[in-house]
Amino acid sequence: MKEDTLILSFESSCDETSVAVIKNGNKILSNIIATQIKSHQRFGGVVPEVASRHHVEEITKCIQMAMDEAEVSYDDLDAVAVTYGPGLVGSLLIGIMAAKTVAFAHNLPLIKSNHLAGHIYSASFVTELKYPFMALLVSGGHTELVYVKAPGDFETLGDTRDDAVGEAYDKIGRVLGINYPAGKEVDRLAGIGKDTFNFPRAMVQEDNLDFSFSGLKSAFINTVHHADQVHEELNKADLAASFQGAVLDILVNKTFRALKTHPVQQLVVAGGVAANQGLRKRLASEIETRKLDMDLIFPPLRLCGDNAAMIGAIAQIQYDKKDFADLTVNADPSLDF
């Protein structure tokens, strides 16, 4: 009797084409990622049509590389999984069609997976997750606090009302003259600057766990534009530190309020902004200061961005529940929990 489960997983929701082979939901046999960052840099952000065309060019190569690196054949596979949302509809459809084709051709069950759930379950490659746990999901398109009650059982406690945190980093990065994606460089500058501009901390006094970053973004942009108009030179590092200081205060405020009403043993931080060094240090420091008996879990840096390994992780839970899709599955670009 076959004990191990092998899932071929696809991720194409934005500007990364990724295919992975995952064993038992927590071991990566291969995780091929074809990034498009250089193609989108000149536009200052992701162009959906350009992204879709790149996925078409890369997807079959990624499948072959993932299978070769994992040293498996299609006969070894137990299922095929794919992100069906949220994301760019054209990009999602490329991965969905590729996954459907493989599933149909090799008579394998098809699993449609939530991209956001995938980010959260990227933590399962670090340690065994203990339920219930809390997840802070921070990425280019999403900022959410999610209470995970049981495997695959999600409750959204707080969501962004406007810009996601990663989106705000890219927009203020453009004003600072930093190439897309700006998060890493803003984080580096913040580490050497000082929080001197006292930007607003939106919604921290409100009786909810939702986030808002558009006011902070606007305050930042207005400060820089005003300085340009009066020919005043501002310190880039201090601007970055002031912006990041406000972001971290907002994220920490909401996260620890959520933890007060929903005590857990583990806090998972996932999504592209989970790679932010300032955020990692601040959360670790807050847990120590508050003397909380709780594990702080970050995915490895290579799994913070979009990748197919994380889809294989959430797909394992769906596989165990026999939560399969048929070949009519379509993209859901606005999907949430």
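The name given to the protein in an unreviewed UniProt entry is tRNA N6-adenosine threonylcarbamoyltransferase, with Companilactobacillus mishanensis as the source organism. What UniProt records for the protein under Sequence similarities (unreviewed entry) is the sentence "Belongs to the KAE1 / TsaD family." Turning to the protein, the UniProt record has this under Catalytic activity (unreviewed entry): "L-threonylcarbamoyladenylate + adenosine(37) in tRNA = N(6)-L-threonylcarbamoyladenosine(37) in tRNA + AMP + H(+)".

## Quick notes on the overall build of the protein
A tally of regular secondary structure across the protein gives 10 helices and 10 strands. Against the 2.2 N^0.38 benchmark of 20 Å for 337 residues, the protein shows a C-alpha radius of gyration of 20 Å, consistent with a compact globule. Along the three orthogonal principal directions, the C-alpha set of the protein runs to about 70 × 45 × 30 Å. Of the contacts made within the protein by residues no fewer than 6 positions apart, 74% connect residues no fewer than 24 positions apart. When the accessible surface of the protein is totalled, it reaches about 15,100 Å², and 49% of it is carbon and sulfur. If you average the places of the 31 positive and of the 44 negative side-chain charges in the protein, the two averages end up 3 Å apart.

## With respect to the sheet that holds strand β3 (residues 27–35)
Spatial strand order, β3-β2-β1-β4-β5: five strands in an open sheet with mixed pairing. Either end of the sheet is taken by a strand with one partner, and the two such strands are β3 and β5 (110–114). Strand after strand, the sheet turns through a mean of 20 degrees between neighbouring axes, direction not considered. The strands that helix α2 (residues 48–70) touches are β1 (6–11), β2 (16–23) and β3; relative to β2, the one it contacts most, it runs at about 25 degrees. Across the sheet, helix α10 (residues 308–320) is in contact with β1, β2, β3, β4 (79–85) and β5; its angle to β1 comes to roughly 130 degrees.

## Let's talk about the UniProt feature "binding site: substrate" (unreviewed entry) in the protein
Those places that UniProt annotates as "binding site: substrate" (unreviewed entry) correspond, in this numbering, to Leu137, Val138, Ser139, Gly140, Gly141, Asp170, Gly183, Asp187 and Asn276. Within the secondary structure, Gly183 sits in helix α6 (residues 183–192). When neighbours within four sequence positions are excluded, Gly183 is seen to be in contact with Tyr169 and Asp170. Note on placement: Asn276 falls in the loop between β9 (266–270) and α9 (277–289).

## Structural notes on the packing of helix α5 (residues 165–175) against helix α7 (residues 214–229)
Remark: α5 packs on α7, axes separated minimally by 10 Å, with the N-to-C direction vectors making an angle of 5 degrees. Taken together, the axes of α5 and α7 are roughly parallel relative to one another. When α5 is examined against α7, the residues Lys171, Ile172 and Val175 are found in contact with a partner set consisting of Lys217, Phe220, Ile221 and Val224. A breakdown of the residues in the contact of α5 with α7 according to their chemical character gives five nonpolar, no polar and two charged.

## Side note on the pairing of β5
Here β5 lies mainly inside the structure; four of its five residues are buried. Bridging between β4 and β5 involves five bridges; their strand directions are parallel. Across the sheet, Thr83 pairs through a bridge with Ser113, a residue of β5. Of the crossover connections in this fold, the one passing from β4 over helix α3 (residues 89–105) to the parallel β5 is right-handed.

## Brief notes about α2
Taking 1.5 Å as the rise per residue, α2 with 23 residues should run 33 Å; its terminal C-alpha atoms sit 31 Å apart, in good agreement. Of all the bends in α2, the largest measures some 40 degrees and sits at Glu58. Of the surrounding elements, those touching the buried residues of α2 are β1, β2, β3, α1 (37–41) and α3.

## Digging into the pattern of salt bridges
Tallying each qualifying case throughout the model produces 14 salt bridges. Linking Arg282 and Glu286 is a salt bridge whose minimum nitrogen-to-oxygen distance equals 3.1 Å. Here Arg282 and its partner Glu286 are both found in helix α9, four residues apart, which amounts to about one turn of the helix. Using a relative accessible area of 16% as the deciding quantity, one classes Glu286 as buried. Glu286 serves as the salt-bridge partner of Arg290, at 3.0 Å between the closest nitrogen and oxygen.

## Side note on the sheet that holds strand β8 (residues 153–159)
The sheet built from five strands is open, its strands ordered β8-β7-β6-β9-β10 with mixed pairing. With one partner strand each, in any of the chains shown, β8 and β10 (295–297) form the two edges of the open sheet. Averaged over all pairs of adjacent strands, the angle between strand axes in this sheet comes to 20 degrees, irrespective of strand direction. When strand β6 (residues 133–138) meets strand β7 (residues 143–150), the two strands line up antiparallel, connected through six bridges. Note on β7: the bridge partner recorded for Phe133 is Val148. Sitting on the sheet, α9 touches β6, β9 and β10, and the angle it makes with β10 is about 170 degrees.

Rules used in this analysis
Residues numbered from 1 in each chain as written. Predicted model: local features only at pLDDT ≥ 70, side-chain atom pairs only at ≥ 80, totals over all residues. Heavy atoms only, no water. UniProt positions renumbered as here; feature names shortened; annotations may be inferred. Helix = DSSP H or I, 4+ residues; strand = E, 2+ residues; numbered from the N terminus. Rg over C-alpha atoms; globule rule 2.2 N^0.38 Å. Contact = heavy atoms within 4.5 Å. Areas by Shrake-Rupley, 256 points an atom, 1.4 Å probe, with all protein chains shown as cover. Lys, Arg positive; Asp, Glu negative; His and termini not counted. Charge placed at Lys NZ, Arg CZ, Asp CG, Glu CD. Pairing = 2+ DSSP bridges. Axes fitted to C-alpha atoms, helices over the stretch in contact; angles between N-to-C directions. Parallel < 35°, antiparallel > 145°, perpendicular 65-115°, else oblique. Nonpolar A, V, L, I, M, F, W, Y, C, P; charged D, E, K, R; others polar. Buried < 20%, exposed > 50% of the residue type's maximum accessible area, 1.4 Å probe, protein only. Right-handed = clockwise from strand over helix to strand, strands pointing away. Expected span 1.5 Å × (residues − 1). Bend = angle between axes of the 7 residues up to and from the residue. Salt bridge = Lys/Arg side-chain N within 4 Å of Asp/Glu carboxyl O.

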